[in-house]
Amino acid sequence: MPPKCKFTRDEVVRAALDMTRESGIGSVTARRLGEKLGSSSRPIFSLFRNMQEVQGEVIQAADELYQEYLRREMSAGEYPAYKASGIAYIRFAREERELFRLLFMRDRSAEEIDDNPKELKPIIDAVTKSTGLSEQLAYLFHLEMWVYVHGIATMIATSYLEWQWDTVSQMLTDGFMGLKKRYEERTGNYGSDQNGGNHKKI
């Protein structure tokens, strides 16, 4: 008969998330998690099949926290909505470095990745509103801009750089305006994409 649990699934996930925030996902072993919960590791496995399931729940919890960063920043009104999404990404990298590494710097080669998840729609909508691009081109625009933003966030998350927010803000503006000008040149040369017509690949 499995040992009676003194804690719930949510409590296990919260404890594992706290451990990850402090020391990374590698610190979340069954033994250490049990110790943090004031128990042996055995009761954990009456709630979860294995530690991979625990880690999966931690990833989901970390993503929910990141989504909250996005919602808060994009609704605050301090920056235009699309720029605010970049600020949120970088802020998350600075304030939750281990969770940022878990979400955006882990090996994804064995995972099935959704290239256009539903959570991305508010960001793509912000691109279309700020650039006038079609949804298809806005998605491509975002992918290019995200590479730039991810580079800044990664350097901050790994303590390679410690920029002030005014520097980060200016760099995001410069990157956005430069890319917007390039897309305007391309769509101007090849015709408007607003009506869903054919266009050359960017």
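Residues numbered from 1 in each chain as written. Predicted model: local features only at pLDDT ≥ 70, side-chain atom pairs only at ≥ 80, totals over all residues. Heavy atoms only, no water.

Participant: Before we move on, could you go through the overall build of the protein and cite the residues and values that matter?
Facilitator: Along the backbone of the protein there are eight helices and zero strands. Secondary structure elements in the protein, listed N-terminal to C-terminal, are α-α-α-α-α-α-α-α. A globule of 202 residues ought to have a C-alpha radius of gyration of about 17 Å, yet the protein, at 21 Å, is considerably larger. Dimensions of the protein, computed from the C-alpha atoms along their principal axes, are close to 70 × 35 × 30 Å. Here the protein holds 202 residues, and 38% of them are scored as buried. Contacts in the protein between residues far apart in sequence, at least 24 positions, make up 64% of those at least 6 positions apart. When the accessible area of the protein is evaluated, it comes to approximately 11,900 Å², of which 50% is carbon and sulfur surface. In the protein, 28 side chains carry a positive charge and 30 a negative one; their mean positions are 2 Å apart. (Helix = DSSP H or I, 4+ residues; strand = E, 2+ residues; numbered from the N terminus. Rg over C-alpha atoms; globule rule 2.2 N^0.38 Å. Buried < 20%, exposed > 50% of the residue type's maximum accessible area, 1.4 Å probe, protein only. Contact = heavy atoms within 4.5 Å. Areas by Shrake-Rupley, 256 points an atom, 1.4 Å probe, with all protein chains shown as cover. Lys, Arg positive; Asp, Glu negative; His and termini not counted. Charge placed at Lys NZ, Arg CZ, Asp CG, Glu CD.)

Participant: Mind laying out the pattern of salt bridges, listing which residues take part and the relevant values?
Facilitator: Per the counting criterion, the structure on display carries 16 salt bridges. Lys181 serves as the salt-bridge partner of Glu185, at 3.7 Å between the closest nitrogen and oxygen. A residue pair is termed a helical-turn pair when its members lie 3 or 4 positions apart in one helix, as Glu185 and Lys181 do in helix H8 (residues 165–190) at four residues. Taking relative accessible area as the criterion, Glu185 reaches 33% and is therefore assigned partly exposed. In the salt-bridge network here, residues are joined through shared partners; they are Arg9, Arg49, Glu53 and Glu57. (Salt bridge = Lys/Arg side-chain N within 4 Å of Asp/Glu carboxyl O.)

Participant: Report on the packing of helix H3 (residues 51–76) against helix H4 (residues 81–95), specifying residues and quantitative values.
Facilitator: Direction vectors running N to C along H3 and H4 enclose 135°, while the axes themselves pass 8 Å from each other. By the angle between their directions, the pair H3 and H4 is classed as oblique. Our pair here, H3 against H4, has a crossing hand that is right-handed. Contacts between H3 and H4 involve Ala62, Leu65, Tyr66, Tyr69, Leu70, Glu73 and Met74 from the first element and Ala81, Ala84, Ser85, Ile87, Ala88, Tyr89, Arg91, Phe92 and Glu95 from the second. Along the lines of polarity and charge, the residues of the contact of H3 with H4 split into 12 nonpolar, one polar and three charged. (Axes fitted to C-alpha atoms, helices over the stretch in contact; angles between N-to-C directions. Parallel < 35°, antiparallel > 145°, perpendicular 65-115°, else oblique. Left-handed = near helix turned anticlockwise from the far one by under 90°. Nonpolar A, V, L, I, M, F, W, Y, C, P; charged D, E, K, R; others polar.)

Function cannot be inferred from these measures alone, as they are strictly geometric.
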